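The primary structure of each chain is shown beneath.
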Amino acid sequence: MTQQVKISQKNNTFLRKNQWWKYALSLLIIVIYLLPIYAVIMMAFKSPQDLSSRLSMPKELYLGSFEKALDSGNLLNALKNTAIITIGVILIEVIAGCMAAYPLARNHAKFNKFVMNVVLSMMMVPALSIVVGMYSLLVSLHGISTYWGIILVTAAFGLPLSIFLYRNFITAIPESLDEAAAIDGASTLQTFFHVILPQLAPVTVSVIIMKGIGAWNEFAFSLYVLQKSKMYNITLTIKQFFSETSTDLNAAAAGALIAILPTIIVYLVLQKYFVQGTLDSAVKG
Amino acid sequence: MKRRYRQMNWFYLPALLVMLLFVAYPFLQTAQISLMRWNGYGKVRTFIGLDNYISMFKDANFFLSFRNTLIYGICCTLLQNVFGLALALLVNSRFKGNGLVRTIVYMPIMIAGVVMGYIMYFFLTFNRGILNDILLVFGVQPRDWLSSPFYAVLFITLINSWQYVGNSMVMYLAGLQNIPTAYYEAAAVDGVSTWQGFRHITLPLLIPSIQTCVITNLIGSLKLFDVIVSLTNGGPGHSSQSLATYITNRYFVAEKAGYAAAIGVFTFFFIMILSNVLNRYFAKKEVQY
């Protein structure tokens, strides 16, 4: 017994001595990954007159850029718009997603296999390849610069992944539960609401997190669908900051910081759900 | 039970309606518009058959965008998989702080691609760009990185790979943790070197993870859009344009809706066929021990 303890201690010191490179490498990786965020923070807190290197600390804490970003840039309104759009997208993807997943998980008829293939291949569709048809459809439905327009478009492209996640989860719920409910006289609807739905909490967290971040950061469709500046979401507002030549870059940095903080905080708090969500969304052909 | 199953199919209705109206119908519309000459808003649409497709194959900028799309797709996939696996191996080994590395490498995924492009703009501009500041320390002369077609494409590739490598890392990490340690123990008894162990145990057993990562990364980077818009907007000229940005450029800037639609149809089939072929190829490769 004592011998074993000795060996493992010896192993331990041996390992430690040879691990310095892991710490050096990790430090390098962390610096490379934090540098951009560090630079944005430095710029946001510096006065526009401070022409020192963008990496150096501000001489004094300057909050004027934040004031400017919040005043001129329509930023609070954009946060509100983004929140409304994100909630709308999540609601559709959760409700329509778990509903569509139920027959996909339970019913193995030819028709359902066909639907599954459609769902899987729709996950691959490059969204902007159909932008011409999409945009002209929204114009004819008067959906440009409306909440429902951008919500439905974003949700339509997000639904396949949400259906896929729910379908995998429901497949793992024993079908005997459904059968027991059926024998007790529950209708299909009742079975879904009272047997399946209460068990979906874990996968719903994954869907909300993955799709919520996607909707919060959505840009490609918003760029064309949200044309009135009072309908702008976060990403469009940041774009506006940067493309207006009159705006100083420090205010833009402050705006960018305000835009990325919510998602980073959510991530740091709910990290393990993000990792789980990433793994769940991996499509295996 | 059979009647119940059929009733169940009604549950598809909401999702199917949304997807039919906003994905399937726009696709058909796009295909139809691709056969017409149309400015995108006027009432006049002229049927011109396959003319848009013919001019597509005569358009040097289309081939440039297609080439860039392939560069973004292939290079980002390579970088994200090689570095994703390397990071996963590092984080999977036992040392203090491996959790911190994982947390921080995954973090940029939370930042919108457009915003990341603008942040990187601070690094790459000629005037007070951070990259020039850093390189000056090593005696490299400052230059305007984004005005060079080569560097524009290079930096878009690097930034996109850097931002999203965390996804691959997490997937490879899960793959590594699924490999039973007993295999490595047995190999150690047989005197197998670390490299041989990696080559003959780790890699073959990671094939499912490799498959998933390669396909998701490839499809994702072939669709690259956001970071291009904010970093170069396709420029200088059209030299960093991807198919996605070129479609929107033709549609909204050049007002050639029919032509944009034709490139869209091409892009659509290109990516759909590619992902199908890849899925089939990898399905044959899976190993079981």
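A short tour of the structure in this document, coming up. The structure presented is a predicted model; accordingly, all values stated were derived computationally and were not measured. (Residues numbered from 1 in each chain as written. Chains lettered and ligands numbered in written order. Predicted model: local features only at pLDDT ≥ 70, side-chain atom pairs only at ≥ 80, totals over all residues. Heavy atoms only, no water.)

### With respect to the overall build of chain B
The helix and strand inventory of chain B stands at 14 helices and two strands. Projected onto the principal axes, the alpha-carbon positions of chain B cover approximately 75 × 75 × 30 Å. In chain B, of all internal contacts separated by at least 6 residues, the share reaching a separation of at least 24 is 69%. Accessible area for chain B stands at about 13,500 Å²; split by element, carbon and sulfur atoms hold 65% of it. Computed over 21 positive and 9 negative side-chain charges, the separation of the two mean positions in chain B equals 12 Å. (Helix = DSSP H or I, 4+ residues; strand = E, 2+ residues; numbered from the N terminus. Contact = heavy atoms within 4.5 Å. Areas by Shrake-Rupley, 256 points an atom, 1.4 Å probe, with all protein chains shown as cover. Lys, Arg positive; Asp, Glu negative; His and termini not counted. Charge placed at Lys NZ, Arg CZ, Asp CG, Glu CD.)

### Things to note about the overall build of chain A
Looking only at helices and strands, one finds 14 helices and zero strands in chain A. Along chain A, helices and strands appear, N-terminal first, in the series α-α-α-α-α-α-α-α-α-α-α-α-α-α. A compact globule built from 285 residues should have a C-alpha radius of gyration of about 19 Å, whereas chain A, at 25 Å, is more than 25% larger. Counting only C-alpha atoms, chain A reaches 80 × 75 × 30 Å along its principal axes. Taking all 285 residues of chain A together, the buried fraction comes to 54%. Look at the contacts in chain A between residues 6 or more apart in sequence, and 72% of them connect residues 24 or more apart. When the accessible surface of chain A is split by element, carbon and sulfur atoms take 67% of a total near 13,500 Å². If the 20 positive side-chain charges of chain A are averaged to one point and the 13 negative ones to another, these points end up 13 Å apart. (Rg over C-alpha atoms; globule rule 2.2 N^0.38 Å. Buried < 20%, exposed > 50% of the residue type's maximum accessible area, 1.4 Å probe, protein only.)

### A closer look at the interface of chain A and chain B
When the parts come together, some accessible area is lost, and that loss is often what is quoted as the size of the interface. Residue-level contacts link 94 residues of chain A with 87 residues of chain B. For the pairing of chain A and chain B, the buried interface totals around 8,200 Å² over both sides, and the portion due to carbon and sulfur atoms is 77%. Joining chain A to chain B, the criterion identifies zero salt bridges. Applying the counting criterion to the chain A and chain B interface returns 15 residue pairs in polar contact (both at pLDDT 80 or more). The dominant element in the side of chain A that touches chain B, judged by the number of residues it contributes, is helix α2 (residues 20–44) of chain A, at 16 residues. (Buried area = accessible area lost by both parts, 1.4 Å probe. Salt bridge = Lys/Arg side-chain N within 4 Å of Asp/Glu carboxyl O. Polar contact = N/O pair within 3.5 Å; in protein donor to acceptor, adjacent residues only side chain to side chain.)

### Some points on the packing of aromatic side chains
One pair of aromatic rings is described through two measures. These are the centre distance and the angle between the planes. Within the structure shown, the criterion is met by 35 aromatic pairs over all chains. Note on Phe111(A) and Tyr12(B): the rings are 6.0 Å apart at their centroids and 75° apart in plane angle, and the pair reads as edge-to-face. Of this pair, Phe111(A) sits in helix α5 (residues 110–122) while Tyr12(B) sits in the loop between α1 (2–8) and α2 (13–33), on two different chains. Note on Tyr12(B): relative accessible area 2%, which makes it buried. Site record: aromatic cluster; members linked through ring pairs are Phe57(B), Phe62(B), Phe63(B), Phe66(B), Phe266(B) and Phe270(B). Geometry around Trp38(B) places Arg45(B) over its ring, the cationic atom sitting 4.1 Å from the centre. The ring of Trp145(B) is capped by Arg143(B), whose NZ or CZ atom sits 5.4 Å from the centre of that ring. (Phe/Tyr/Trp six-rings, centres within 6.5 Å; stacked < 30°, edge-to-face > 60°. Lys NZ or Arg CZ within 6 Å of the ring centre and 35° of its normal.)

### Concerning the pattern of salt bridges
Residues and elements named next belong to chain A. Under the counting rule described, the total for this entry stands at one salt bridge over all chains. The shortest N-O distance in the salt bridge between Asp-178 and Arg-106 comes to 3.0 Å. Here Asp-178 is found in helix α8 (residues 175–183), whereas its partner Arg-106 is found in helix α4 (residues 75–106), with 72 residues between them in sequence. Judged on exposure class, the residue Asp-178 and its partner Arg-106 are both buried.

### Description of the environment of Leu91(A)
Within the secondary structure layout, Leu91(A) lies in helix α4. When the C-alpha atoms of Leu91(A) and Gly212(A) are compared, they prove to be 10.0 Å apart, with 121 residues separating the residues in sequence.

### Examining the packing of helix α13 (residues 249–269) of chain A against helix α6 (residues 113–124) of chain B
Where α13(A) meets α6(B), the axes come as close as 11 Å, and the angle between the chain directions of the two elements is 140°. On the basis of their axis angle, the class for α13(A) and α6(B) is oblique. For α13(A) against α6(B), the interelement crossing comes out left-handed. Contacts between α13(A) and α6(B) pair Leu249(A), Ala253(A), Ala256(A) and Ile260(A) from the former with Val115(B), Ile119(B) and Phe122(B) from the latter. By residue class, the composition of the contact of α13(A) with α6(B) is seven nonpolar, no polar and no charged. (Axes fitted to C-alpha atoms, helices over the stretch in contact; angles between N-to-C directions. Parallel < 35°, antiparallel > 145°, perpendicular 65-115°, else oblique. Left-handed = near helix turned anticlockwise from the far one by under 90°. Nonpolar A, V, L, I, M, F, W, Y, C, P; charged D, E, K, R; others polar.)

### Thoughts on a nonpolar patch on the surface
All names here are of chain A. A contiguous nonpolar surface patch, about 550 Å² in accessible area, is contributed by Val-205, Leu-261, Ile-265, Val-266, Val-269, Leu-270 and Tyr-273. Counting residues per element, the nonpolar patch draws most heavily on α13, at four residues. Residue position: Val-266 is located in helix α13. (Patch = residues over 30% accessible without salt bridge, like charges linked within 9 Å, V, L, I, M, F, W, Y side chains within 5 Å.)

### Brief notes about the environment of Leu222(B)
Residue and element names in this part refer to chain B. Assignment of secondary structure puts Leu-222 in helix α11 (residues 207–222). With relative accessibility at 4%, the residue Leu-222 sits in the buried group. For Leu-222 and Ala-244, which are 22 residues apart along the polypeptide, the C-alpha to C-alpha distance reads 8.5 Å.

### Some details on the nonpolar core
Counting residues in each nonpolar core, the largest one holds 182 residues, and the members touching the most others are Ile163(A) and Phe225(B). Among the domains, domain 1 (1–62) and domain 2 (64–283) of chain A are the pair contributing at least three residues each to this core. Apart from residues lying up to four places away in sequence, Phe225(B) is in contact with Leu128(A), Phe219(A), Ala220(A), Leu223(A), Tyr224(A), Ala244(B), Thr245(B) and Thr248(B). (Core = buried A, V, L, I, M, F, W, Y, C linked by side-chain atoms within 4.5 Å. Domains from an automatic or database assignment.)

### Notes on the packing of α8(A) against helix α9 (residues 188–196) of chain A
Residues and elements named next belong to chain A. The contact between α8 and α9 brings their axes to 10 Å, and the two run at 125°. Between α8 and α9, the crossing angle belongs to the class labelled oblique. In the packing of α8 onto α9, the handedness of the crossing is right-handed. Contact with α8, carried on its side by Leu-177, Asp-178 and Ala-181, involves Thr-191, Val-195 and Ile-196 of α9 and no other residues of that element. Tallied by class, the residues present in the contact of α8 with α9 amount to four nonpolar, one polar and one charged.

Remember, this is a structural readout, not a statement about activity or role.
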